[in-house]
Amino acid sequence: MLSERELIRYDRQIMIFGKNAQEKLKKAKVAIAGIGGLGSPVSIYLTAAGIGHLLLIDEQKPELSNLNRQIVHGEEDVEKKTKTLSAKEKLNQLNSEVKIETYSKRISRENIEELLNGVNIVVDALDNFETRYLLNEFCVKSGIPLIHSAVEGLYGQITTIIPGKTPCLKCLFPNPPKKIKFPIIGVTAGFFGVLEANEVLKLITGYGNNLIGKLFIYDLSRNEGEWIDVKPNPSCPVCSDKLLAKI
Amino acid sequence: MKVKVKFSTIFRELSGVDKTEFSFPQSATVGDTLKKIVEDFPRLKKWIPQNGEVSDYVYVLLNGKYAPSQTQLKNDDEIVLFPPVAGG
């Protein structure tokens with residue numbers, strides 16, 4: 001049940017998707033893996049929209065060179081706090097009604113089940129494919145939607161993975177990209193982070209269409225993008241069993 | 001047979017076109033297409049190895065599915081090339 005204060009606070013978005021949808025947002029628990037360039041806008045917009053429970057996961061502390069894009073952190077946080085604590089402080093200021101849980105260790109095969117227990121949606125805001133593959137395996141096994149995005153320079157990609165329905169991350173990208181120090185500017189991470197938050201809100205409220213079975217690639221330098229209809233890999237080592245079970 | 005190729009982001013910038021079409025004999029593969037792309041668009045040489053193997057620098061989707069180099073093509077197949085990205 002929404003309080004009077006919540007009805008006022010979320011009035012403009014309740015005009016879009018209704019009170020029931022707002023209640024669904026309040027009841028939801030969303031994990032954000034990575035509180036960096038993508039995770040900053042994801043966490044800000046999900047907090048502002050009134051997701052009931054956010055789990056912020058990141059083992060690092062903000063560095064000065066992060067601040068061009070990781071907009072939830074500030075100069076006072078650099079090298080002092082974990083990214084999760086730094087973000088929690090800002091997000092609490094933005095919306096004290098959202099429960100913010102933090103986890104400041106790296107996601108591993110050993111801790112992932114306990115860590116993500118009870119989570120409704122996982123947002124991939126990571127910067128490496130090793131941990132992305134772990135998230136993907138867990139989400140496929142548990143039937144939890146995974147919002148994937150990755151960015152570099154002025155372009156990036158995003159898709160919403162629904163286990164048993166869409167290709168998983170391993171179907172689309174069986175080999176991880178090379179690890180490099182990649183160029184990035186805040187607007188690229190901001191653009192794709194907002195799209196990730198939007199995917200979460202639409203999945204929970206049922207409003208609009210998600211990027212289900214669609215990989216969206218966008219180049220901000222040329223304002224050009226495309227939607228690729230993507231299909232599962234029938235021999236995917238992660239999700240092919242899940243797909244077969246559906247047939 | 002005809003095969004369509006779409007270029008995305010950096011590949012579009014380097015090739016100067018958003019798509020192209022190739023004619024191949026029936027037994028052509030994804031790798032043959034990559035070789036032909038490098039021949040026609042030499043600025044992509046750095047990204048696409050000339051041996052036609054899928055590299056660390058390019059992702060290839062064939063009709064929306066991951067496709068290794070040896071995958072055989074059919075008439076009207078569509079290939080999309082885009083760069084791997086991992087950042088967050």
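Look up a bit, the structure's there.
Residues numbered from 1 in each chain as written. Chains lettered and ligands numbered in written order. Predicted model: local features only at pLDDT ≥ 70, side-chain atom pairs only at ≥ 80, totals over all residues. Heavy atoms only, no water.

**Comments concerning the overall build of chain A**
Helix and strand content of chain A: nine helices and eight strands. Taking 247 residues into account, the globule formula puts the C-alpha radius of gyration at 18 Å, and chain A, at 17 Å, falls close to it. Looking at chain A as a whole, 56% of its 247 residues qualify as buried. Of the contacts formed within chain A by residues at least 6 apart in sequence, a portion of 66% connects residues at least 24 apart. In the structure as shown, chain A presents an accessible area of about 11,300 Å², 52% of it carried by carbon and sulfur atoms. Side-chain charges in chain A split into 32 positive and 29 negative, and the spacing between the mean points of these groups amounts to 3 Å. (Helix = DSSP H or I, 4+ residues; strand = E, 2+ residues; numbered from the N terminus. Rg over C-alpha atoms; globule rule 2.2 N^0.38 Å. Buried < 20%, exposed > 50% of the residue type's maximum accessible area, 1.4 Å probe, protein only. Contact = heavy atoms within 4.5 Å. Areas by Shrake-Rupley, 256 points an atom, 1.4 Å probe, with all protein chains shown as cover. Lys, Arg positive; Asp, Glu negative; His and termini not counted. Charge placed at Lys NZ, Arg CZ, Asp CG, Glu CD.)

**Quick look at unusual backbone geometry**
Phi is positive for E79(A), which is not a glycine, with a value near 65°. Inspection of the secondary structure assignment puts E79(A) in the loop between β2 (53-57) and α4 (83-94). The class for E79(A) is exposed, based on a relative accessible area of 51%. For T9(B), which is not glycine, the phi dihedral falls at a positive 45°.

**Some details on the side chain of D219(A)**
Inspection of the secondary structure assignment puts D219(A) in strand β7 (residues 214-219). For D219(A), which is buried and forms no salt bridge, the nearest opposite charge comes from R222(A), at a distance of 4.3 Å. A polar atom in the side chain of D219(A) sits 2.6 Å from the side chain of S221(A). With near-sequence residues (within four places) excluded, D219(A) lies in contact with L154(A), Y155(A), E224(A) and T9(B). (Salt bridge = Lys/Arg side-chain N within 4 Å of Asp/Glu carboxyl O. Polar contact = N/O pair within 3.5 Å; in protein donor to acceptor, adjacent residues only side chain to side chain.)

**Re helix α6 (residues 129-142) of chain A**
Residues and elements named next belong to chain A. With 14 residues, α6 should cover 20 Å at 1.5 Å per step; its first-to-last C-alpha distance of 19 Å lies within 8% of that length. Here α6 lies mainly inside the structure; 10 of its 14 residues are buried. For α6, every residue scored as buried is listed here: F129, T131, R132, Y133, L134, L135, N136, F138, C139 and V140. Here α6 starts with a cap whose side-chain oxygen sits 3.2 Å from the backbone nitrogen of E130, and that cap is N128. (Expected span 1.5 Å × (residues − 1).)

**Observations concerning the nonpolar core**
Within the largest apolar cluster, 37 residues are counted, with the highest numbers of intra-cluster contacts made by L116(A), V122(A), L135(A), F173(A), L215(A), I228(A) and F82(B). Listing elements by their share of this core, those giving two or more residues are β1 (29-33), β2, α5 (112-115), α6, α7 (169-172) and β7 of chain A together with β3 (59-62) and β5 (77-82) of chain B. With sequence-adjacent residues up to four places away left out, V122(A) is seen in contact with A31(A), L116(A), L135(A), C139(A), I144(A), P145(A), L146(A) and I147(A). Within the second largest apolar cluster, 33 residues are counted, among which are A49(A), L91(A), V123(A) and L220(A). (Core = buried A, V, L, I, M, F, W, Y, C linked by side-chain atoms within 4.5 Å.)

**Considering the state of the cysteines**
Taken as a whole and judged by the stated rule, the model has zero disulfides over all chains. No disulfide involves C139(A); its sulfur sits 10 Å from the nearest other cysteine sulfur, which is in C168(A). (Disulfide = S-S within 2.5 Å.)

**Observations regarding the sheet that holds β1(A)**
Residue and element names in this part refer to chain A. Taken together, eight strands build an open sheet; the order of strands is β3-β2-β1-β4-β5-β6-β7-β8 and the sheet is mixed. Edge strands, defined here as strands with exactly one partner in the open sheet, are β3 (99-103) and β8 (224-229). Strand-to-strand, the axes of this sheet are offset by a mean angle of 15°, without reference to chain direction. Sheet topology places β1 next to strand β4 (residues 121-124); four bridges connect them, and they run parallel. Its bridge partner lying in β4, A31 is registered against V122. (Pairing = 2+ DSSP bridges. Axes fitted to C-alpha atoms, helices over the stretch in contact; angles between N-to-C directions.)

**Section: the packing of helix α3 (residues 39-49) of chain A against helix α8 (residues 186-205) of chain A**
Residues and elements named next belong to chain A. Contact pair α3 / α8: the axes reach a minimum separation of 8 Å and the direction vectors enclose 40°. With respect to each other, α3 and α8 are oriented oblique. In this structure, α3 meets α8 at a crossing whose hand is right-handed. Across from P41, V42, Y45, L46 and A49 in α3, the residues of α8 making contact are A189, G190, G193, V194, E196, A197, V200 and L201. (Parallel < 35°, antiparallel > 145°, perpendicular 65-115°, else oblique. Left-handed = near helix turned anticlockwise from the far one by under 90°.)

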